[in-house]
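# Coordinate inspection notes
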Amino acid sequence: MTSAALPSSSCSKTILHDVFGYSAFRGAQAEIVDHLINAGDALVLMPTGGGKSLCYQVPAIARHRAGQGLAVVVSPLIALMHDQVGALEVVGVHAAFLNSTLTLEQTQKIEREMMSGRLVLLYVAPERLTTARMLSQLDSLHERGLLSLFAIDEAHCVSQWGHDFREDYLALNVLHERYPQVPRIALTATADDLTRADIIERLALSEARVFISSFDRPNIRYAVVEKDEARKQLLRFLQDEHEGDAGIIYCQSRKKVDETAAWLEGEGISALPYHAGLDTKVRRLHQDRFLREEGIVMVATIAFGMGIDKPDVRFVAHLDLPKNIESYYQETGRGGRDGLPADAWMAYGLSDVVNQRRMIDESPAAEDFKRNQRGKLDALLSLAEAHDCRRVRLLAYFGEKSTPCGSQHNACDNCRHPPATWDATEAARKALSCIYRFHENRGQRFGVVHLIDVLRGKNTDKVAQYGHQSLSTFGIGADVSEAQWRVVLRQLIALGYVQTEGEYNTFELTSSARQILRGEVQMLLRKPSEVVKRNKSSPRGKGTMSSKGRPPPLALNNQALVRFNALKVWRAKVAQEYNLPAFIVFHDATLAEMAQLAPDTLTALGNITGVGAKKLESYGQEILRVLNDR
Ligand code: ADP
Ligand code: ZN
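A brief structural summary.

Rules used in this analysis
- Residues numbered from 1 in each chain as written.
- Chains lettered and ligands numbered in written order.
- Predicted model: local features only at pLDDT ≥ 70, side-chain atom pairs only at ≥ 80, totals over all residues.
- Heavy atoms only, no water.
- Helix = DSSP H or I, 4+ residues; strand = E, 2+ residues; numbered from the N terminus.
- Contact = heavy atoms within 4.5 Å.
- Phe/Tyr/Trp six-rings, centres within 6.5 Å; stacked < 30°, edge-to-face > 60°.
- Buried < 20%, exposed > 50% of the residue type's maximum accessible area, 1.4 Å probe, protein only.
- Lys NZ or Arg CZ within 6 Å of the ring centre and 35° of its normal.
- Donors = N, O, S within 2.8 Å, 3.2 Å for Na, K, Ca; no water.
- Tetrahedral: all angles 85-135°; square planar, octahedral: opposite > 155°, others 65-115°.
- 1 Å grid on protein atoms, 1.4 Å probe; cavity = no way out; pocket = protein on both sides within 12 Å on 5 of 7 lines; lining within 4 Å.
- Points joined across faces, edges and corners; volume = space filled by probe spheres on them.
- Nonpolar A, V, L, I, M, F, W, Y, C, P; charged D, E, K, R; others polar.
- Core = buried A, V, L, I, M, F, W, Y, C linked by side-chain atoms within 4.5 Å.
- Pairing = 2+ DSSP bridges.
- Axes fitted to C-alpha atoms, helices over the stretch in contact; angles between N-to-C directions.

Moving on: the environment of Cys434. Its place among the elements puts Cys434 in helix α19 (residues 425-440). Sequence spacing of Cys434 and Asp34 is 400 residues, and the spatial spacing of their C-alpha atoms is 65 Å. Setting aside residues no more than four positions away along its own chain, Cys434 makes contact with Leu451, Val454, Leu455 and Thr473.

Laid out in structure tokens, this is it:
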């Protein structure tokens, strides 16, 4: 083989434009791409939706064009490889995957393509990559100078600290040992220092350049509502703000997932359950429907979501508290990958705090692990309890300084409607002394209901039974509503002044309770808000509704809307033909731009974002015809 000219940065822009139909790199993409083209190793930390794929796809294409052969992409997501490869093939990039879903014949065919040097990108699961067979094939390619790069996607899977740890990832350091000159890029959307250090160490990336992007997702609007009647609140949120939208609802248990999905179906919302207890086939089917159909609501445990690259997820709702801020950020990050507004909505209440604390306490893990988990939970709780900008707090957790998101178009709930606060120090002292009195009284302990009854001076049977009307704290908190008492107690637990014990979640003081009893700390709490029903036509940047109830991403006039819907019908046919999700054929945003500009030449069509040379060649004429027919 004659050695082709080395790829340059001008060629990366050409590839971006011609292959993917995009006019400019985003953020650090350009730098990362050039670094890799020049055979540097890289660790890329970029939020979901930031554009990680192009960071290795563009170099893979550039290096392949320069005669440097195959790029191998390691991904744990077997179920998504088909679509990832499909997305490359429709833009004219020769790609394939090897995994256990293929027949022997299919596998052999792909291996031939791979060994011939024709293949540009190959997706494999880590356990596959490190088989003797695969390594000897890679050896052979390497000897012929046909191994262009390794991309290790979802690299946080190598870290035991993370929630997605995979044993197989540990074996990936073989790549460095065996092929030290082949550039490697590791990518993740997990941002904490511990995980980062783990990735560098375990994948032997100490020489790699680290690219850290801002973790702000400006199009995501964060909101936390106090759990009152969670189902009603959720339904109102869905009906008022997300009719016909695709979204994800996270629940903690499989049972709750099943029940919630069934209940939503009964309410006329297309909802599907997803959790590890379901049959693989059912899970696969539900995931496919979520990706391929419009407006499906996935009700899921955390088993769902990694690698889901559906761009138009319009909301991510949490009916239960996630484990920590990392999980919250990852899960909510699955909304709005297309850059259009999306909601991160969470309902949160006293029982969440109690449950999460108890799960940690009762887990069989080592004490230092538990301590770490508790610290992380505390950080999440203070985000949930915050009365200032949630975005600022979220970013601060990842070590990023920012300014409040203000009352802009897509801000957080606290910035949009600053919550009223009240000085709850006195109330907190009353609650703590009441718990103390119980204890003093023959070491008794009680849960939330009875505690509030005593504080508010209610003459219940239980009060009579224990003679609690004679306690000095009986009725000292009658001026505070029951709802407010719950908030006070939730915060006292969240902040670690009170802990709950046993089957009945009875209260006990911790050693730090003294600080409040002595008046050393002040507690400023948000007032329980009555849920404000938001005006339906609030400024969400939505256009006129389409017939299906789902708005196009741009405000389109009537004629354009007709074109948009016609393009969607056409796209659905193409997607079905290739068995690919519609968004892989074209994003909504691309269709909307076509509908608005109504180009009448191939050249004009080719200038639209998301229309590369191959798609223009494959579909250009058809699209012009669809536009012309309207
Ligand atoms: P990540 O893997 O980081 O979550 P993706 O690689 O899936 O993100 O990219 C998110 C979306 O942004 C995709 O739809 C992708 O096509 C789009 N995108 C990425 N980079 C660019 C760019 N430079 N210009 C326009 N769109 C881009
Ligand atoms: Zn804010």
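Tracing the backbone through its elements, the reader meets Asp378 in helix α16 (residues 367-385). Residues Asp378 and Lys281, 97 residues apart in the sequence, show an inter-C-alpha distance of 38 Å.

Scanning the model with the defined rule gives 15 aromatic pairs in all. Ring geometry for Phe215 versus Phe398: centroids 6.0 Å apart, planes at 40°, classification tilted. Placement of the pair is Phe215 in the loop between β7 (209-212) and β8 (220-226) and Phe398 in the loop between α17 (390-397) and α18 (413-416), with a sequence separation of 183 residues. As far as the burial class goes, Phe215 and Phe398 line up, both buried. With a centroid separation of 4.8 Å and 65° between ring planes, the pair formed by Phe438 and Phe446 is classed as edge-to-face. An aromatic cluster is defined as three or more aromatic residues linked by ring pairs; in this entry it consists of Phe215, Tyr329, Tyr397 and Phe398. Between Lys310 and the ring centre of Phe290, over which it is positioned, the NZ or CZ distance is 5.5 Å.

Taken together, the protein donors to the zinc ion (ligand 2) comprise Cys389 (SG), Cys405 (SG), Cys412 (SG) and Cys415 (SG), at separations of 2.2 to 2.3 Å. The coordination sphere of the zinc ion (ligand 2) comprises 4 donor atoms, whose angles at the metal cover 103 to 118°; the geometry is tetrahedral. With relative accessibility at 4%, the residue Cys405 sits in the buried group.

Looking now at empty space enclosed by the protein. Going through the model one piece at a time under the given rule, you end up with 1 cavity of 30 Å³ or more. By volume, the largest cavity is sized at about 50 Å³. Lining the largest cavity, in full, are Val224, Val225, Glu226, Tyr348, Ala384, Glu385, Arg390, Arg490 and Arg526. Broken down by element, the residue count for the lining of the largest cavity peaks at 3 residues, all from β8. For the lining of the largest cavity, the per-class residue count stands at 4 nonpolar, no polar and 5 charged.

Of all hydrophobic cores here, the largest spans 181 residues; its most connected members are Tyr56, Leu121, Leu122, Leu138, Ile185 and Leu492. Of all the elements, helix α24 (residues 558-578) adds the most residues to this core, at 8 residues. Not counting residues up to four positions away in its chain, the partners in contact with Leu492 are Ala428, Ala431, Leu432, Tyr497, Val498, Ile516 and Met523. Counting 20 residues, the second-largest nonpolar core is a separate cluster that includes Val225, Leu235, Ala261 and Ala271.

The 7 strands lie next to each other as β3-β4-β2-β5-β6-β1-β7, forming an open sheet whose pairing is parallel. Where the open sheet ends on each side, the last strands, each with one partner, are β3 (95-98) and β7. For this sheet, the mean angle separating the axes of adjacent strands, direction not counted, is 20°. As judged from the 4 bridges shared by strand β1 (residues 42-45) and strand β6 (residues 184-188), these two strands associate in the parallel manner.

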